[in-house]
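The residues making up each chain are set out below.
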Amino acid sequence: MLDATTRSGAGATVCARVLLSPWSRLSLLLVLLAAAGVSVLLFQPQRLLAHGWPPHLGGAAAAVVFAVAYGLCTVAFVPRPLLNLAAGALFGSQLGLTAALAGTVLGAGAAFGLGRVLGQDALRPLLRGRLLKAADGQLSRHGFRSMMAARLFPGVPFWAANYCAAVSRMGWSAFLLATALGSVPNTAAYAVAGARASAPTSPAFLAALACIAVPALLGTAIAWRKRHHLRRRPRTPGDAAAVAVR
């Protein structure tokens, strides 16, 4: 009887280790993300722009529900520009901006938490290339500054920045604060554009388009100028020693 109990306990321990192993958790993350992507294709949340918000909700309550839905949609890879336009169209510039920013931080935090808990342990050992190590070092040592740059310039996809930050050693506070502050300009521009979409020749709409286009052009120019920065990174003493051994 004791032997059977011991074997049962050992089997349960082995199963728990397998289920909680880094690769099992990464597999769960991939399944969740795939399910989220499929749900977006099936339910098509972009229909919100055409059909509006449910009529029984209004004001601050509708904005809160929208912020929660916004966060879930960003985890499911729905493009933020579409959601920001919807926020402005549904709630106006000010309330739409507030709801969109709340949803942005909520969605970023959810993705960061999923990546940190389910993917970091499995993916960090794979960061062996020079470019990957350099990018990981930048995110880990200069988390707030790096995330601010990623949020201010729209060249980096929102979801990619979330999961790359999760795999790095960036802290929660730096990630969330940089996301909240760095997302304000771009989110505000889209919210204003959505609110004034019915008057495409108005000064506010044209200014919003300019605020969307200018950061994109600046980000492209900076990325072009810095494209060789990581490749020209000076070798560390460890790299030099490895070359010497070879």
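All of these numbers come straight from a predicted model, not from anything done at the bench. (Residues numbered from 1 in each chain as written. Predicted model: local features only at pLDDT ≥ 70, side-chain atom pairs only at ≥ 80, totals over all residues. Heavy atoms only, no water.)

Novice: Account for helix α9 (residues 172-182), naming residues and giving values.
Specialist: Residues lying three or four places apart along an α-helix face the same way, a consequence of the helix completing one turn every 3.6 residues. Of the residues making up α9, those classed as buried are Phe175, Ala178, Thr179 and Gly182. Relative to the axis of α9, the buried residues are bounded by an arc of 100 degrees and lie together on one face. If you follow the buried residues of α9, they end up packed against α5 (80-123), α7 (143-152), α8 (158-167) and α10 (184-195). (Buried < 20%, exposed > 50% of the residue type's maximum accessible area, 1.4 Å probe, protein only. Helix = DSSP H or I, 4+ residues; strand = E, 2+ residues; numbered from the N terminus. Arc of directions from axis to C-beta. Contact = heavy atoms within 4.5 Å.)

Novice: Describe in detail the environment of glycine 88, supporting the description with residues and values.
Specialist: Tracing the backbone through its elements, the reader meets glycine 88 in helix α5. Residues in contact with glycine 88, not counting those within four places in the same chain, are Gly96, Ala191, Gly194 and Ala195.

Novice: Please set out the nonpolar core residue by residue, giving values where relevant.
Specialist: Across soluble globular proteins, nonpolar side chains have a tendency to be buried as a group. Formed by 15 residues in total, the largest nonpolar core has its most connected members in Phe66, Tyr70, Val78, Leu83 and Phe91. Of all the secondary structure elements, the ones that give two or more residues to this core are α2 (22-43), α4 (59-75) and α5. In terms of residue count, the dominant contributor to this core is α5 (6 residues). Contacts of tyrosine 70, omitting those with residues within four sequence positions, involve Arg80, Leu83, Asn84, Ala100, Gly103 and Thr104. Formed by 13 residues, the second largest nonpolar core is a distinct cluster that contains Leu139, Met147, Ala150 and Ala165. (Core = buried A, V, L, I, M, F, W, Y, C linked by side-chain atoms within 4.5 Å.)

Novice: Help me get a handle on the side chain of serine 168, residues and values and all.
Specialist: Topologically, serine 168 is positioned in the loop between α8 and α9. Of the polar contacts made by the side chain of serine 168, one reaches the backbone oxygen of alanine 165; its length is 2.7 Å. Among the polar contacts listed, one links the side chain of serine 168 to the backbone nitrogen of methionine 170, at a separation of 3.2 Å. (Polar contact = N/O pair within 3.5 Å; in protein donor to acceptor, adjacent residues only side chain to side chain.)

Novice: With reference to specific residues and values, describe the layout of surface pockets.
Specialist: The gaps of empty space that remain are located by a probe, the size of a water molecule, rolled over the atoms. Of the voids in this model, the second largest pocket is the one considered here, and its volume is about 330 Å³. Lining the second largest pocket are 19 residues, with Arg80, Pro81, Val156, Pro157 and Phe158 sitting closest to its centre. At the level of secondary structure, the elements contributing two or more residues to the lining of the second largest pocket comprise α5, α7, α8, α10 and α11 (203-225). (1 Å grid on protein atoms, 1.4 Å probe; cavity = no way out; pocket = protein on both sides within 12 Å on 5 of 7 lines; lining within 4 Å. Points joined across faces, edges and corners; volume = space filled by probe spheres on them.)

Novice: Describe the packing of aromatic side chains, and please don't skip the residues or the numbers.
Specialist: If you walk through the whole model with that rule in mind, you get 5 aromatic pairs. Ring geometry for phenylalanine 112 versus tryptophan 172: centroids 4.7 Å apart, planes at 75 degrees, classification edge-to-face. Here tryptophan 172 lies in helix α9 and phenylalanine 112 lies in helix α5, a separation of 60 residues in the sequence. Given a relative accessible area of 41%, tryptophan 172 falls into the partly exposed group. Three or more aromatic residues joined by ring pairs form one cluster here, namely Phe66, Tyr70 and Phe91. Lying across the ring of phenylalanine 158, arginine 80 places its NZ or CZ 5.0 Å from the centre. (Phe/Tyr/Trp six-rings, centres within 6.5 Å; stacked < 30°, edge-to-face > 60°. Lys NZ or Arg CZ within 6 Å of the ring centre and 35° of its normal.)

Novice: Which residues make up unusual backbone geometry, and what are the values?
Specialist: In the Ramachandran plot, phenylalanine 77 falls in the positive-phi region, its phi being about 75 degrees despite a non-glycine side chain. Owing to a relative accessible area of 32%, phenylalanine 77 belongs among the partly exposed residues under this scheme.

Novice: Tell me what's going on with the environment of leucine 28, and back it up with residues and numbers.
Specialist: The residue leucine 28 is located in helix α2 in this model. Measuring from C-alpha to C-alpha, the distance between leucine 28 and leucine 118 comes to 7.3 Å, with 90 residues separating the pair along the chain.

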